[in-house]
Amino acid sequence: MAITAKMVKELREKTGAGMMDCKKALQETDGDIEKAIDYLREKGISKAAKKADRIAAEGSTYIEIDGNKAVLLEVNCETDFVTKNDQFKQLLSDLAKHLLNRNPATLEEALQQEMDGSGDTVENYINSAVAKIGEKLSLRRFTILSKTDNDAFGEYLHMGGRIGVLTLLEGTTDEQVAKDVAMHVAAVNPRYVSRDAVSDEEVNHEREVLKAQALNEGKPEHIVDKMVEGRLGKFFEEICLLEQSFVKDPDQKVKKYVTDKGASVQTFVRYEVGEGMEKRDENFADEVMSQIKK
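Along every chain, residues carry numbers that run from 1 in the direction the sequence is written. Only residues with pLDDT of 70 or above have their local features reported here, since the model is predicted, and side-chain atom pairs are shown and tallied only from 80 upward, although totals for entire chains, interfaces and linings are computed over all residues. Hydrogens and waters are ignored; side-chain quantities use all the structure's heavy atoms.

Q: Would you mind showing me how to read the pattern of salt bridges here?
A: A pair can form between side chains of opposite charge whenever their charged atoms are brought close. By salt bridge we mean one thing: a side-chain nitrogen of Lys or Arg within 4 Å of a carboxyl oxygen of Asp or Glu. Here the structure, examined in full by the defined rule, presents 13 salt bridges. Where Arg140 meets Glu74, a salt bridge forms, and the shortest distance between an N and an O atom there is 3.5 Å. Of this pair, Arg140 sits in strand β3 (residues 138–146) while Glu74 sits in strand β2 (residues 69–77), placing them 66 residues apart in sequence. Here the term buried applies to any residue with accessible area under 20% of the maximum for its type, exposed to any over 50%, and partly exposed to those in between, with areas from a 1.4 Å probe on protein chains only. For Glu74, a relative accessible area of 0% translates into the label buried. Put simply, Lys256 and Asp260 hold a salt bridge, and the shortest N to O gap is 2.7 Å. Residue Lys256 and its partner Asp260 are both found in helix α10 (residues 254–260); the two are separated by 4 residues, about one turn of the helix. For Asp260, a relative accessible area of 51% gives the class exposed. Here the residues in one salt-bridge network are Glu74, Arg140, Arg141 and Glu275, joined through shared partners. Helix and strand definitions here come from DSSP, where helices need a minimum of 4 consecutive H or I residues and strands a minimum of 2 consecutive E residues; each element is numbered from the N-terminal end.

Encoded structure:
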C-alpha cells in the first residue's frame, strides 16, 4: 500500500513521533493507523505511549459563547502535540457545548451526565476519545458565566489555548472592550477584580510582612505605619485588576479605561494549562504582553 503524506501527518499528530518513524511504522503495518500506533508504542517511540508516571499536564483551554452564556474549560493531555489533533479539537468543542447546554455545578456532576446525543456519560465519552487519540485525556475544570443583554463577554486565547481568559463586563455591549480586558488579564495575571475582593486575612498578613520589612530596614517606628499603608497600595496594584496599569495604555489604570467606556468589570476567569500541576520555566505573562503591544 502506498504511504501518503496525509497518513504520516495523521500518525504524527496521534503519537508525536518523528516523520521517518511514522513512515516506517505505516510501511510495516500496511498503512493501518491503529496498528502503526501500537507498533510505535512497542518500539518505545511514540510519545503517547502509556506510562504510569506520566502526568497529563499539557493540553488546551477553550472558550465557547452561546448567547448569554459562556464557558471556559481546560482539557489536559500528556503531550502538547496532541492539541493539534482534529479529534482533540472536536472533543473541546463537544464538551463546551455540552456544558453550556446542561450547566453542571461541579466537575463530578459534569462527568456523570449523559453526553448529548451519545447515549453515554461524559466520562465514558472522554475515555472513548482516549482510545481513538491514543493518549490520556481529562477534563480538568470549567467555569460557566451568564450575562444580560446589556453586558458583554470578552474572550482571549493565547498560544492556541495555552492561556484562556473569559471576562464579563456590565454596562456595555462592546465586546472589544471586554476582549481588551481579557488580554490584559492574560498578560498581567491579576488575582482579584478589586481590592474589595481581597480578604481581610490576606491584607492583614501582607501588612504584617511589610511592617517587619520596614523595621528590618531600620525605619523609625513612628513612620512605619504610614510606609506600610503606602506599600499596601503597590500590593493591591500587583493583585487587583482595576488597580493595574492597562497594558495597552500604561498611562491609565484598567478601572479608568473601563469606566470611560461606561462599563464595569463584574468578573473574570483565567486558566493557564497545567498551572498548579508542575513548575514551568516559560514566562507567559511577558510573552502575552509583548504580543499585545505589537
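Q: I keep staring at the sheet that holds strand β8 (residues 264–272) and nothing clicks. Help me out?
A: Note: strands within a sheet are paired through backbone hydrogen bonds, in either parallel or antiparallel orientation. Judged by pairing direction, the sheet is antiparallel, and its 3 strands sit side by side in the order β4-β5-β8 without closing on themselves. The two strands at the open ends of the sheet, each matched to only one other strand, are β4 (152–158) and β8. Between one strand axis and the next, the sheet turns by 10° as a mean value, whatever way the strands run. Where β4 and strand β5 (residues 163–170) come together, 7 bridges link them in antiparallel fashion. Looking at the pairing, His158 lines up with Ile163 of β5. Should any heavy atoms of two residues lie within 4.5 Å, those residues are counted as being in contact. Helix axes are fitted only over the stretch in contact, all axes being lines through C-alpha atoms; the angle between N-to-C directions runs from 0 to 180 degrees. Across the face of the sheet, helix α7 (residues 175–188) comes into contact with β4, β5 and β8 while running at roughly 40° to β4. Strand pairing is defined by DSSP finding a minimum of two bridges between the two strands.

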